[in-house]
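# Understanding the architecture of this molecule
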Amino acid sequence: MGRGRADRLVVVGQGYAGLPVAMRAVEVGFDVVGFDIDVARIKRLAAGESQVEDVARDTVARALATGRYEPTDDPGRTRDFDVAVIDVPTPLTDGVPNLSHVTDSATMLSSSLRRGATVILESTTYPGTTEDLVAAILEDGSGLVAGRDFHLGYSPERIDPGNPTWHFANTPKVVSGIDRDSLEAVQAFFDRLVDQTVPVSGTREAELTKLLENTFRHVNIALVNELTVFAEAMGIDIWEAIDAASTKPFGYLRFTPGPGVGGHCLPIDPSYLSWEVRRSLGQQFRFVELANDVNAHMPDYVVSRLTLALNRDKRAVNGARVLLLGLAYKANTGDIRQSPGVVIAQSLRSLGAHVRVADPHVAPGATDVQLVELTADEVEQADAVVVVTDHDAFDYDMVRGRARYVLDTRNRIRGPRIESL
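We now turn to the structure provided with this report. (Residues numbered from 1 in each chain as written. Predicted model: local features only at pLDDT ≥ 70, side-chain atom pairs only at ≥ 80, totals over all residues. Heavy atoms only, no water.)

The subject of this paragraph is the packing of helix H11 (residues 298-312) against helix H12 (residues 340-350). Helix-helix packing is characterised by the crossing angle of the two axes and by the distance between the axes. Where H11 meets H12, the axes come as close as 9 Å, and the angle between the chain directions of the two elements is 45 degrees. Our classification of the angle between H11 and H12 gives oblique. Classified by chirality, the crossing of H12 by H11 is right-handed. Taken together, the residues of H12 that come into contact with H11 (itself represented by Pro299, Asp300, Val302, Val303 and Leu306) are Pro340, Val343, Ile344, Ser347 and Leu348. Here the residues of the contact of H11 with H12 are counted per class, giving 8 nonpolar, 1 polar and 1 charged. (Axes fitted to C-alpha atoms, helices over the stretch in contact; angles between N-to-C directions. Helix = DSSP H or I, 4+ residues; strand = E, 2+ residues; numbered from the N terminus. Parallel < 35°, antiparallel > 145°, perpendicular 65-115°, else oblique. Left-handed = near helix turned anticlockwise from the far one by under 90°. Contact = heavy atoms within 4.5 Å. Nonpolar A, V, L, I, M, F, W, Y, C, P; charged D, E, K, R; others polar.)

The strand order across the open sheet formed by 6 strands is S13-S12-S11-S14-S15-S16, and the pairing between neighbours is parallel. Each edge of the open sheet is held by one strand with a lone partner, namely strand S13 (370-371) and strand S16 (418-420). Note that strand S12 (residues 354-358) and S13 share 2 bridges and pair parallel. Its bridge partner being in S13, Arg356 is matched across the sheet by Gln370. (Pairing = 2+ DSSP bridges.)

Another aspect to go through is the packing of helix H1 (residues 18-27) against helix H3 (residues 57-66). At a closest axis distance of 10 Å, the pairing of H1 and H3 adopts a crossing angle of 50 degrees. Taken together, the axes of H1 and H3 are oblique relative to one another. In the packing of H1 onto H3, the handedness of the crossing is left-handed. Residues Met23, Val26 and Glu27 of H1 touch H3, and the partners they reach there are Thr59, Val60, Ala63 and Thr66. Within the contact of H1 with H3, the residues separate by chemical class into 4 nonpolar, 2 polar and 1 charged.

What the 8 strands build is an open sheet, ordered S3-S2-S1-S4-S7-S8-S9-S10; its pairing is mixed. Both edges of this open sheet fall to strand S3 (69-72) and strand S10 (197-199), since each of them pairs with a single strand only. If you compare each strand with its neighbour and ignore which way they point, the axes differ by 20 degrees on average. Sheet topology places strand S1 (residues 8-12) next to strand S4 (residues 83-86); 4 bridges connect them, and they run parallel. Paired with Val12 across the strands is Ile86, a residue of S4. Here helix H2 (residues 39-46) sits on the sheet in contact with strand S2 (31-35) and S3, set at roughly 155 degrees to S3.

We now examine the pairing of strand S14 (residues 384-387). Alternating positions in S14 separate into two faces, Ala384 and Val386 on one and Val385 and Val387 on the other, with burial throughout. Bridging between strand S11 (residues 321-325) and S14 involves 4 bridges; their strand directions are parallel. Pairing of Leu324 across the sheet is with Val386, part of S14. In this sheet, strand S15 (residues 406-408) lies alongside S14 in parallel orientation, the contact comprising 3 bridges. The residue bridging Val387 from the neighbouring strand is Asp408, located in S15. Taken together, S14, helix H14 (residues 396-402) and S15 form a β-α-β motif whose crossover is right-handed. (Buried < 20%, exposed > 50% of the residue type's maximum accessible area, 1.4 Å probe, protein only. Right-handed = clockwise from strand over helix to strand, strands pointing away.)

What follows is about the pairing of S11. Burial runs high along S11: 5 of the 5 residues are buried. Both faces of S11 are covered, namely the face carrying Arg321, Leu323 and Leu325 and the face carrying Val322 and Leu324. With H12 bridging S11 and its parallel neighbour S12, the resulting β-α-β unit is right-handed.

A separate point is the environment of Arg337. The topology assignment puts Arg337 in the loop between S11 and H12. With 75 residues separating them in the primary sequence, Arg337 and Gly262 have C-alpha atoms 6.4 Å apart. Beyond its immediate chain neighbours, meaning those up to four positions away, Arg337 contacts Tyr16, Gly262, Gly263, His264 and Tyr329. A polar side-chain atom of Arg337 sits 2.7 Å from a polar atom in the side chain of Asp335. (Polar contact = N/O pair within 3.5 Å; in protein donor to acceptor, adjacent residues only side chain to side chain.)

Limitation: the analysis is restricted to geometry and does not speak to function.
Given below as C-alpha cells:
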C-alpha cells in the first residue's frame, strides 16, 4: 500500500455488499472510489442519499464530507488503486451462473493494475472463479502475473440486511489468497476494517465457505417448509412443535417455515454449488435440487391455502380483495429481489384477485402492485389478509381485531379467524 498518503481503495459495486465496505473504509482512513454502472444510484450517493437500508443517509453524508469518498460511474476514476474490491451481482441466467459483471469488473481493473496492488473478489461464486477466471483476466489486461506482481484473493461477503446486531464491522470475515503473500495482503486490508478475520488456506475453500453457509440455510428451510405442508394436512401445529424442539440445548438449530425464500443468496447461491458439482463431477447435488423445488413451490402453497380458506366461506379468489402485509423477502427491509411475496401477488392477480400491498419499507415505484398504508379501513375492506413479511412496524393487534380472515405465513398473529401457514 502507498506511503505518505491515504491508501486508495476502489470498490466496484455500491449496493448491499459494496457500500458498507466503502463506508467503513472511509471511516478508517482510506481514499475510496465507489464505482457503479447504475448512474441513478451514483447520483443519489453523490447527493448524500443511501439506497441501502443498513447504511444511513448520515453515514454517506459524513463520508462525502471527508473528501475521501467519490461515487462515480466513470471507469477512468478507478485507476491508481492500492486495493480493489469487487462487489457485483452474480445472478443465474437460465439456471447457469452469470459472471458477466465479475468479468467486466476484472477487465476494467486490469487496465490500470500496477505492481504491488491487491484485488479482492467478494461476490458469491463457484469454487475456482478467483484463480481460474479473475486471475486470467487481470493478467491478460495488465501483463502482470498474479501472485508474483500483484496480490489476489477472495473474501465472501456476509451482509445480513436488517440485522440489528451483526453488521459489516463486527461479523467475522473469512479471507483467502492465491498464495501466502496474497493472503497476508488481503488479511491486512480487512484487519483494518473488521474486528476479526478468519484466514483459510485457499480461495476455493473461501468460495465454498459462502456456498456452504447459504446451502445450509436453504436446505434446512426447505425441510421445515415441507414438514409444514404435511403437518397442516395431519392437523398438527408445526409452530408448537418448532417451539418445543427449540428448547433442546444441543443437536438442534431453529429454522422456521415461510412463504418461500428470496434475496440474492438463498434462491441463487446453492444453485451455483449444484451447477459446479454437475459441471466438474458429473453428479447431482440432490439436497440442493430438492430444496430448490420445495422452496420454489411455497408461494403456490400459500395461494392454495388462501383459495381453500375463501372457498370455505363460499367466496372465490376471482374478484376477492386481498391485502398482503409485506412484499420484501425479509423483515424490516425493502428488498424485493426474488421475493416470494412478488410471486404470491402475481399469482393472485392472475386468478382475478384485487391485490393490495402494505409495506412501509418498499419504495413507491419498486413494484407494479398497488401499495397502500396499513389502516383499519384497508383491513376491514379486505376479504383476506396475508402476512407475507413480518415487519415490526405493522400493527398486528389492529389486524387481529379488524380482519375477516388472516393467513399468517410468519406466525406473528394468533386468534379467531387466523390461520398460520
